[in-house]
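Chain residues, written in single-letter form:
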Amino acid sequence: MFVEQMNTDREKIVLSIVRKRNEMLLLAEKNGLSSNKTIACSQELDSLLNRLNSLELTSKRTG
């Protein structure tokens, strides 16, 4: 059951990453790469990527 929950969490995070990446690209096109909105979105994307990495490391440890 724990593995199933981790897979569900992983799927949700991956979907969030895809959405946030698309949002960031649109913001960059509209406002430029160095705009505050683009940078904030990029930081949110970084956070999601870190969550995914952490989840996958936990998954490897628990086997």
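Structure: see above.
**Some details on the side chain of Thr38**
Assignment of secondary structure puts Thr38 in helix H2 (residues 36-62). Only 3.4 Å separates the side chain of Thr38 from the backbone oxygen of Leu27, close enough to count as a polar contact. Every residue in contact with Thr38, bar those within four places of it in the chain, is listed here: Met24, Leu27, Ala28, Asn31, Gly32 and Leu33.

**Digging into the environment of Thr8**
By secondary structure assignment, the location of Thr8 is in helix H1 (residues 2-31). In the structure, Thr8 is positioned 15 residues away from Glu23 in sequence and 23 Å away in space, judged by C-alpha atoms.

Parameters at a glance
Residues numbered from 1 in each chain as written. Predicted model: local features only at pLDDT ≥ 70, side-chain atom pairs only at ≥ 80, totals over all residues. Heavy atoms only, no water. Helix = DSSP H or I, 4+ residues; strand = E, 2+ residues; numbered from the N terminus. Polar contact = N/O pair within 3.5 Å; in protein donor to acceptor, adjacent residues only side chain to side chain. Contact = heavy atoms within 4.5 Å.

Any functional reading would require information beyond the geometric quantities listed.
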